Every structure is written in structure tokens, then in C-alpha cells.
Amino acid sequence: MAIREILIIPDKRLRKRSEPVAKVNGSVRKLVDDMFETMYHAPGIGLAAVQIGTMQRVITLDLAKKDEPPKPQVYINPEVVWSSEELSTYEEGCLSIPEFYSEVDRPAQVRVKYLDLDGKSHEIAANGLLATCLQHEIDHTNGILFIDHLSKLKRDRVIKKFTKVANRA
Ligand code: K1U
Ligand code: ZN
């Protein structure tokens, strides 16, 4: 297991679509181990493989509260197959856009199809924070960031700030 570096905007890899996993094998399981170690270390409640520079459609989540035991979740090749017209609003953050938070409106309920670590197919219905996080992470696998759901003015301000920092480094 390894803590991997988390890509920060404006890294171009964050804007690319990730590739589907063809076979859930040992290297995917090793990737998932690294993702959990990186996500817990950050700390974060979700992570997409692209955020550590691996362009595969894999996401990890753990939405357990501080006083609860860990509840690690893995979704391979996740895909939203249905989303509600009703929206809900959450204040989102992103490990690739450190210390910036903003409210985002998204479908309140979704159904997501995915593979588990044994390569078995599942479909789940999600609402609340799980629905928000799944959509945030699935967006990452498609090169979409939560700032893309904000006004152009807000988005451009954030990108400008992080581009300045990257150019100074
Ligand atoms: O994908 C990511 O960048 C991870 C992101 C997930 C997320 C958070 C909030 C709404 C939607 C998606 C994060 O984990 S940001 C950090 C965070 O929210 C958090 C960190 C520690 C404790 C509790 C929350
Ligand atoms: Zn994110």
C-alpha cells in the first residue's frame, strides 16, 4: 500500500476521461488499496483513481461518521443509470481543489451500476450524501470537476487562483 500524490488543478489529467476497467485483477486491487490509503490520509470521504494519476474508472468512498467504524466502499466502472428530477444542494469540496468549498445542486436520487472487487455487477439506489459523492466521483471519471457546476465567474476565479500557484511552484 502507498500514499500517492493527489493531482491539483490545473493538472490536465483531471480533465481527461478515464478508461473502463477490462478485468478486475490484482493490479486493480492494488490500485484500490493505494486509493484508500491516500483518501484516509488526505483526509477525504471519496477519491477517484484519476486524482492519483491512474486513468481507470475506479472510485472509493467512506461516508462513516467519526464515531462509527470505517465503511470502505469501492465502485468499478460506475455509471449513473437513472437520476431524479428533484435536486438537492450540498456544500462540496474536492481534494484536487484544496480548501475551496461551494454549494452544488445535483439530482437528489440516483441509481448507479458498477462492478465490485470480485468483478460482480450491482445496481444501487442512492440518496443524501451518498448520491452527492457518487455523482462527484463519477464526474471525476469523466474529466468533470465540481466547479463546472458553478457559474463561469466563480469557476474562472478558482482556476485563475490555482493556476497562479502552480506557475509559482
Ligand atoms: O473527490 C474528492 O475530491 C473527495 C471529496 C469528496 C466529496 C466531498 C464533499 C462532497 C462531495 C464529494 C472530499 O472528500 S473533500 C474533503 C471532505 O469533504 C471531508 C474531509 C474530511 C472529513 C469530512 C469531509
Ligand atoms: Zn473531487
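See the structure shown above.
**Q** I keep staring at the pattern of salt bridges and nothing clicks. Help me out?
**A** Two side chains carrying opposite charge are able to pair once their charged atoms lie near each other. According to the stated counting rule, one finds eight salt bridges in the structure shown. Of the charged contacts, one joins Arg4 and Asp34 as a salt bridge, the two residues approaching to 3.2 Å between their closest N and O atoms. Note that Arg4 is positioned in the segment before helix H1 (26–41) and Asp34 in helix H1, a separation of 30 residues in sequence. Notably, a salt bridge pairs Glu123 with Arg111, separated by 2.8 Å at the nearest N-O pair.

**Q** Is there a simple way to explain the site of ligand 1 in this structure?
**A** The immediate surroundings of ligand 1 are formed by 13 residues, with Ile45, Gly46, Gln51, Leu95 and Glu137 found nearest. Glu137 places a side-chain nitrogen or oxygen 2.6 Å from an oxygen atom of ligand 1. One of the side-chain N or O atoms of His140 is found 3.4 Å from an oxygen atom in ligand 1. Notes on ligand 1: free accessible area 540 Å², of which the protein chains cover 78%. Mapping ligand 1 onto the cavity grids shows that it belongs to the largest pocket. Per element, the largest residue contribution to the shell around ligand 1 is four residues, and it comes from helix H2 (residues 128–141). Looking at the shell around ligand 1, its residues break down into five nonpolar, six polar and two charged.

**Q** Please clarify how the nonpolar core should be interpreted in this entry.
**A** It is characteristic of soluble globular proteins that their nonpolar side chains tend to be buried jointly. Among the nonpolar cores identified, the biggest contains 27 residues, and Ile9, Tyr75, Ile97, Ile124, Leu130, Leu134 and Ile147 are the most heavily contacted of them. The leading source of residues in this core is H2, at five residues. Setting aside residues no more than four positions away along its own chain, Leu130 makes contact with Leu61, Leu63, Gln73, Tyr75 and Ile124. With 15 residues, the next largest nonpolar core counts Met35, Leu47, Ile52 and Val74 among its residues.

**Q** I'm lost on the sheet that holds strand E7 (residues 121–127) in this one. Help?
**A** Backbone-to-backbone hydrogen bonds join strands into a sheet, with any given pair of strands oriented parallel or antiparallel. Reading across from one edge, E1-E2-E3-E6-E7 is the order of the five strands in this open sheet, with antiparallel pairing throughout. Each having just a single partner strand, strand E1 (46–48) and E7 make up the two edges of the open sheet. Each strand axis lies, on average, 40° off the axis of its neighbour in the sheet, ignoring direction. Inspection of the sheet shows strand E3 (residues 73–83) paired to strand E6 (residues 109–115) by five bridges, in the antiparallel sense. Pairing of Ile76 across the sheet is with Leu115, part of E6. Contacting E1, strand E2 (58–61) and E3, H1 runs over the sheet at an angle of about 40° to E2. Running at roughly 125° to E7, H2 makes contact with E1, E2, E3, E6 and E7 of the sheet.

Calculation notes
- In every chain, residue numbers begin from 1 and rise along the written sequence.
- Chain labels run from A onward and ligand labels from 1 onward, assigned in the order the entries are written.
- A pLDDT threshold of at least 70 governs which residues receive local features in this predicted model, and a stricter bar of 80 or more applies before side-chain atom pairs are shown or counted, although totals over entire chains, interfaces and linings include all residues.
- Side-chain figures throughout are based on the complete set of non-hydrogen atoms in the structure, without hydrogens or water.
- Any Lys or Arg side-chain nitrogen found within 4 Å of a carboxyl oxygen on Asp or Glu counts as a salt bridge.
- Secondary structure elements are defined from DSSP: runs of H or I of at least 4 residues count as helices, runs of E of at least 2 residues count as strands, and each element is numbered from the N terminus.
- For this description, a residue counts as near a given molecule or strand if any of its non-hydrogen atoms is within 4 Å of it.
- By the criterion applied in these results, polar contacts are pairs of N or O atoms within 3.5 Å in which, for protein atoms, one can donate a hydrogen and the other can accept it, and in which residues neighboring in sequence qualify only through two side-chain atoms.
- In short, Shrake-Rupley with a 1.4 Å probe defines the accessible areas, and a residue's cover is counted only from the protein chains shown.
- Put simply, the grid is 1 Å and covers the protein atoms alone, a cavity is a trapped set of points that fit a 1.4 Å probe, a pocket is an open set with protein on both sides within 12 Å along at least five of seven lines, and lining residues have an atom within 4 Å of a point.
- For a molecule to be placed in a cavity or pocket, more than half of its atoms must lie within 2 Å of the grid points of that cavity or pocket.
- Under this grouping Gly is polar, as are all residues other than the nonpolar Ala, Val, Leu, Ile, Met, Phe, Trp, Tyr, Cys and Pro and the charged Asp, Glu, Lys and Arg.
- Here, nonpolar core means buried Ala, Val, Leu, Ile, Met, Phe, Trp, Tyr and Cys residues that are tied together by side-chain atoms lying within 4.5 Å of each other.
- Accessible area is worked out with a 1.4 Å probe on protein chains only. A residue is then buried under 20% of its type maximum, exposed over 50%, and partly exposed in between.
- Pairs of residues are marked as contacts when any of their non-hydrogen atoms sit within 4.5 Å.
- A strand pair is defined by DSSP finding two or more bridges across the two strands.
- Helix axes are fitted to C-alpha atoms over the stretch in contact, other axes to C-alpha atoms as well, and angles between N-to-C directions run from 0 to 180 degrees.

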